[in-house]
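Coordinate inspection notes
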Amino acid sequence: IRNTVGYDWHPQTQVLWFTDNGRDLLGNEMPPDELNYAPRPGMHFGYPYCHAGELSDPEFGLRHPCAEFIPPVQKLGPHVAALGMRFYTGDQFPPEYRRRIFIAEHGSWNRSPKSGYRITMVALRDGEPTKYESFAEGWLSGNSVWGRPVDVLVSTDGSLLVSDDKNGVLYRIAYRGR
């Protein structure tokens, strides 16, 4: 794996899930960051030979083909800098949010146009991703950045806490009904 920052254990299966930042300097669109899980020890996800399950590394890729490795369970955006992640275990949000994965995308440093700078959500069905979408955004406006999410936590009241290292603040996202 490469540059894994966020990880959490599935609240029912206790399997480890984690984000993985993709390699830089392969262009604006490649490789994507990854969401992976490790249901057993000894798994190899490809780094440094293969990225995102299908992109052979220009320097090391000739040594091992991508078919030898475990592909990501969900490809995230390229260079979004997926950092913290948590399963939603609270009960404040509607029931369909339970056990979804929330990911803090810190944002690209060398991509044009910029990407990330948001909180995304991955919905699962039977342990497999069914949807990857933005949950909270607005820290990026055009090419202007005013915030960089770093991590997410589920508070004891069921709200979602988001840290931002650009502004040195903590946001609280609460659900108040429709």
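Notes on the structure in this doc start here. Predicted model, so just to flag it, every value in this text is computed and none were measured.

Details of the overall build of the chain
From N to C terminus, the chain includes zero helices and 15 strands. Seen through its principal axes, the chain has C-alpha atoms that stretch 55 × 40 × 25 Å. In the chain, buried positions account for 45% of the 178 residues. Long-range contacts, defined as pairs at least 24 residues apart, comprise 48% of the intrachain contacts of the chain with a sequence gap of at least 6. Taken as a whole, the chain presents about 9,200 Å² of accessible surface, with 50% of it coming from carbon and sulfur. When the 19 positive and 21 negative side-chain charges of the chain are each reduced to one mean point, those points stand 4 Å apart.

Quick notes on the sheet that holds strand β8 (residues 101-105)
With antiparallel pairing, four strands are arranged side by side in an open sheet as β7-β8-β9-β10. Each having just a single partner strand, β7 (82-87) and β10 (128-136) make up the two edges of the open sheet. Sheet twist, expressed as the average angle between the axes of neighbouring strands with direction ignored, equals 25°. When β7 meets β8, the two strands line up antiparallel, connected through four bridges. If you follow Met 85 over to β8, its bridge partner there is Ile 103.

Here's the deal with the state of the cysteines
The tally for this structure, following the rule as stated, stands at one disulfide. The disulfide partner of Cys 50 is Cys 66, and the S-S distance across this bridge is 2.1 Å. Measuring the twist about the S-S bond at about 110°, one finds the Cys 50-Cys 66 disulfide to be right-handed. One end of the pair, Cys 50, is in strand β4 (residues 50-51); the other, Cys 66, is in the loop between β5 (55-56) and β6 (74-78), and 16 residues separate them in sequence. Residue Cys 50 is classed as buried on the basis of its relative accessible area of 2%.

A look at the nonpolar core
Counting residues in hydrophobic clusters, the biggest one holds 13 residues, and the most contacted among them are Phe 93, Tyr 97, Phe 102, Ile 119 and Val 152. Among the secondary structure elements, those contributing two or more residues to this core are β8, β9 (118-125) and β14 (160-164). In this structure, Val 15, Leu 35, Val 73 and Val 122 belong to the second largest nonpolar core, which totals 12 residues.

A word on the pattern of salt bridges
On inspection of all chains with the given rule, the structure shows seven salt bridges. The closest approach of N and O atoms between Glu 29 and Arg 111, which form a salt bridge, is 2.6 Å. Note that Glu 29 is positioned in the loop between β2 (16-20) and β3 (32-38) and Arg 111 in the loop between β8 and β9, a separation of 82 residues in sequence. By relative accessible area, Arg 111 is classed as buried at 12%.

Observations concerning the side chain of Asp 20
Its location among the elements puts Asp 20 in strand β2. With no salt bridge to any partner, buried Asp 20 finds its closest opposite charge in Arg 2, at an N-O distance of 5.9 Å. At 3.1 Å, the side chain of Asp 20 forms a polar contact with the backbone nitrogen of Arg 2.

What counts and what doesn't
Residues numbered from 1 in each chain as written. Predicted model: local features only at pLDDT ≥ 70, side-chain atom pairs only at ≥ 80, totals over all residues. Heavy atoms only, no water. Helix = DSSP H or I, 4+ residues; strand = E, 2+ residues; numbered from the N terminus. Buried < 20%, exposed > 50% of the residue type's maximum accessible area, 1.4 Å probe, protein only. Contact = heavy atoms within 4.5 Å. Areas by Shrake-Rupley, 256 points an atom, 1.4 Å probe, with all protein chains shown as cover. Lys, Arg positive; Asp, Glu negative; His and termini not counted. Charge placed at Lys NZ, Arg CZ, Asp CG, Glu CD. Pairing = 2+ DSSP bridges. Axes fitted to C-alpha atoms, helices over the stretch in contact; angles between N-to-C directions. Disulfide = S-S within 2.5 Å. Core = buried A, V, L, I, M, F, W, Y, C linked by side-chain atoms within 4.5 Å. Salt bridge = Lys/Arg side-chain N within 4 Å of Asp/Glu carboxyl O. Polar contact = N/O pair within 3.5 Å; in protein donor to acceptor, adjacent residues only side chain to side chain.

Honestly, that's just the spatial picture; any functional story needs more than this.
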